[in-house]
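Each chain is listed here by its residues.
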Amino acid sequence: MMMDWMNDYTAKRTTAADAVRAVRSGDRIYIQPSCATPEDLVRALLGRARELRDVEIIHMKTLGGADYSHPEYEGAFRVVALFIGDNVRDAVIDGRAEYMPIFLHEIEGLFESGECLLDFVFLQVSPPDKFGYMSLGVGVDCTLTAARQARYVIAEVNPNMPRTLGQSFLHVSEIDKIVEVNHPLPELHGEPASPVQVRIAKHVASLIPDEATLQLGIGAVPDAVLQCLTNHCNLGLHTEMFSDGVIPLIEKGVMTGAANPLHPGKLVAGFVLGTRHLFDFIDDNPLFEFRPIKYVNDPFVISQNRRMVAINSALQVDLTGQVCSDSIGTKPYSGFGGQVDFIRGAAHSEGGKPIIALPSTARRGTISRIAPMLDPGAGVVTSRADVHYVVTEHGIAYLHGKTLRQRAEALIRIADPAFREELTRSAYEFHYLRPSLVPVH
Ligand code: COA
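Starting afresh in each chain, residues are numbered from 1 along the sequence in its written order. With pLDDT at 70 or above as the cut-off, local features in this predicted model cover only qualifying residues; side-chain atom pairs require 80 or more to be listed or tallied, and sums for whole chains, interfaces and linings still use all residues. To get the side-chain values, all heavy atoms of the structure are used, and hydrogens and water are removed first.

A. Region of interest: the sheet that holds strand β25 (residues 395-398). The pairing criterion is simple: DSSP has to find at least two bridges between the two strands. Helix and strand definitions follow DSSP, with helices as H or I runs of at least four residues and strands as E runs of at least two, each counted in order from the N terminus. Taken in spatial order, the 8 strands line up as β13-β12-β11-β10-β14-β19-β24-β25 in an open sheet, and their pairing is mixed. A strand with exactly one partner marks an edge of an open sheet, and here the two such strands are β13 (288-290) and β25. Taking the axes of each pair of neighbouring strands and ignoring which way they run, one obtains an average angle of 25° across the sheet. As judged from the 3 bridges shared by strand β19 (residues 353-357) and strand β24 (residues 389-392), these two strands associate in the parallel manner. Paired with Ile 356 across the bridge in β24 is Val 390. To define axes, lines are fitted to C-alpha atoms, for helices over the stretch in contact only, and angles between the resulting N-to-C directions are given on a 0 to 180 degree scale.

So, in structure tokens, the structure goes:
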């Protein structure tokens, strides 16, 4: 049995250039995202640009260059972004690449239903264990499911990929071509939190009870929130992604997953975005249970956690509570990710709290993110019926079960003071407020 997979492994081993030779014009390629982005395979594919036409490359937020989205590759490659990272944003804004708004937990369904047939999956895995299983490591996300649906799977096998546990393995027999590599994984280094982010984090932390299960979006605010939780007890984690910020809480015994009724003693996630320190921390660590996103982000699954607190960010919130998180006006910026999956899951969890946390202003204080109306073309990610808590550095607005008047009042109170008068004027103009109901600041 053991020899079988070893022979299979040896037979499938080849170079990146040879592995991507099977790609044909018109094919669709899914690329593993985040810190697992298989850069050697991407480079090899670029080397074939002159022979290929209209190859669709579909992925969530990848790290690295994404050179296939550059103007010189137009015609050869066409990007479909399921979440827009920095590396493809200009291409999407220019119209050379496309953006698909979709709930993160529904992406794998596109592959499974055949609505989005995958010809190739490019991914990166750990070396096989003694039974021939290779871990998807830093990113199970939608990739495990994609690999099981694709016609052809090409894997970079990298000793630097941590062996994460859970539903995180592919067997050598499930891979078509193997390319051995030994490069460092791409890393994402967080920025230290700004004073505004620390103030937001303190308000958010005040909403988090002991034994809460946390979902943390990407960015400085979630990491700053974690730093405010060192005196909490028995926190859990059920999140599409996490970064280095959880490590100190785990080491201090604050984050244990012990109170989690769904996976007692486990921290559940779909992928990580972080540094080598984090990759080493999750390597072979039985505390972590990595699962495909279609499970992790299923709102029904999320809702089975007790005291589920979901913390996500936004670009703009209008006075009625509509939350724009994926575009700045008509310009696509990021994606739905798991925001709505977790907002809804947390809303239905016993003692759960869905939170949108954002700075009250943008562009060095010149623009209020609490706006009378969303900018023309802005995309609503979290609807005003889904929204519960909105938090800025100026406080907490609770909007669920509140009228438009109550929402406008609460949101104006947490707007930057320099914009409150203008927002109040708009609220009167739109009849959210009436002269007899002047809000008290
Ligand atoms: N008008 C104009 N510009 C705005 C703006 C507004 N209303 N709001 C933000 N911006 C600008 C900022 O100034 C910043 O520009 P800069 O980079 O030149 O400084 C840029 O847009 C990004 O804003 P910022 O608040 O720094 O973004 P972020 O990195 O904190 O990410 C989201 C915030 C909303 C984009 C991000 O959380 C996201 O994509 N969320 C949706 C998906 C999600 O929540 N998934 C769940 C977990 S991953």
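B. Expanded view of the pairing of strand β2 (residues 55-59). Only protein chains enter the accessibility calculation, which uses a 1.4 Å probe; a residue is then buried when its area is under 20% of its type maximum, exposed when over 50%, and partly exposed in between. Most of β2 is tucked away: 5 of the 5 residues are buried. Here β2 shows no split at all, with Val 55, Ile 57 and His 59 on one side and Glu 56 and Ile 58 on the other all buried. Taken together, the 3 bridges between strand β1 (residues 28-31) and β2 define a ladder with parallel strand orientation. Counterpart to Ile 29 in the pairing with β2 is Ile 57. Handedness rule for crossovers: strands pointing away from the viewer, path from the first strand over the helix to the second running clockwise, crossover right-handed. In the classification by handedness, the crossover that spans β1, the intervening helix α3 (residues 39-46) and the parallel β2 is right-handed. As paired elements, β2 and strand β3 (residues 77-81) share 5 bridges and run parallel to each other. By the bridge assignment, Ile 58 is partnered in β3 with Val 80.

C. Region of the structure containing helix α15 (residues 417-429). Residue count minus one, scaled by 1.5 Å, sets the expected span of a helix. Its 13 residues give α15 an end-to-end C-alpha distance of 19 Å, which sits within 8% of 18 Å, the value for a rise of 1.5 Å per residue. Within α15 the residues assigned to the buried category are Phe 419, Arg 420, Leu 423, Thr 424, Ser 426 and Ala 427. Any two residues whose heavy atoms approach within 4.5 Å at even a single point are treated as in contact. Buried residues along α15 sit in contact with β20 (361-362), β21 (367-368), β22 (370-371) and α14 (404-413). N or O atoms closer than or at 3.5 Å make up a polar contact, with two conditions inside protein: a donor-capable atom paired with an acceptor-capable one, and, for residues adjacent in sequence, both atoms drawn from side chains. Of the residues flanking the start of α15, the one acting as N-cap is Asp 416, its side-chain oxygen 2.8 Å from the backbone nitrogen of Ala 418. Immediately beyond the C-terminal end of α15, within one or two residues, lies His 431, with a positive phi of roughly 65°.

D. Quick look at the environment of Leu 165. Position of Leu 165 relative to the elements: it lies in the loop between β7 (152-157) and β8 (169-171). Leu 165 sits 113 residues away from Leu 278 along the chain, and the two C-alpha atoms are 14 Å apart.

E. Representation of the nonpolar core in the model. Judged by nonpolar contacts, the single largest core of 82 residues is most densely connected at Ile 208, Leu 214, Phe 242 and Met 255. Residue contributions to this core reach at least three from each of two domains, namely domain 1 (2-180) and domain 2 (195-429). If we skip the residues at most four places from it in the chain, Phe 242 touches Leu 237, Ala 269, Phe 271, Val 272, Leu 273, Leu 278, Ile 282, Phe 288 and Phe 290. Buried residues of nine kinds, namely Ala, Val, Leu, Ile, Met, Phe, Trp, Tyr and Cys, make up a nonpolar core once their side-chain atoms join them within 4.5 Å. For the purposes of this description, domain bounds are those given by an automatic or database domain assignment.

F. Seen up close, the domain arrangement of the chain. Domain annotation of the chain identifies domain 1 (2-180) and domain 2 (195-429). The interface of domain 1 with domain 2 comprises 33 residues on the first partner and 36 residues on the second. The buried area of a pairing is the accessible area, by a 1.4 Å probe, that goes missing from both parts when the two are put together, added over both. Buried area between domain 1 and domain 2, summed over both chains or domains, comes out near 2,900 Å², and the portion from carbon and sulfur atoms is 64%. The three residues of domain 1 that bury the most area against domain 2 are Leu 104, His 105 and Leu 165, which together make up 20% of that side's buried surface. Salt bridges are defined by distance alone: a side-chain nitrogen of Lys or Arg within 4 Å of a carboxyl oxygen of Asp or Glu. Where domain 1 meets domain 2, there are 2 salt bridges. With its nearest N and O atoms 2.6 Å apart, the salt bridge here joins Glu 112 to Lys 294. Linking domain 1 with domain 2 are 16 residue pairs in polar contact (both at pLDDT 80 or more), by the criterion used here. Of all the elements in the fold, those that place two or more residues in the side of domain 1 that touches domain 2 are α4 (86-94), α5 (107-113) and α6 (143-149). For the side of domain 1 that touches domain 2, the element with the highest residue contribution is α4, accounting for 3 residues.

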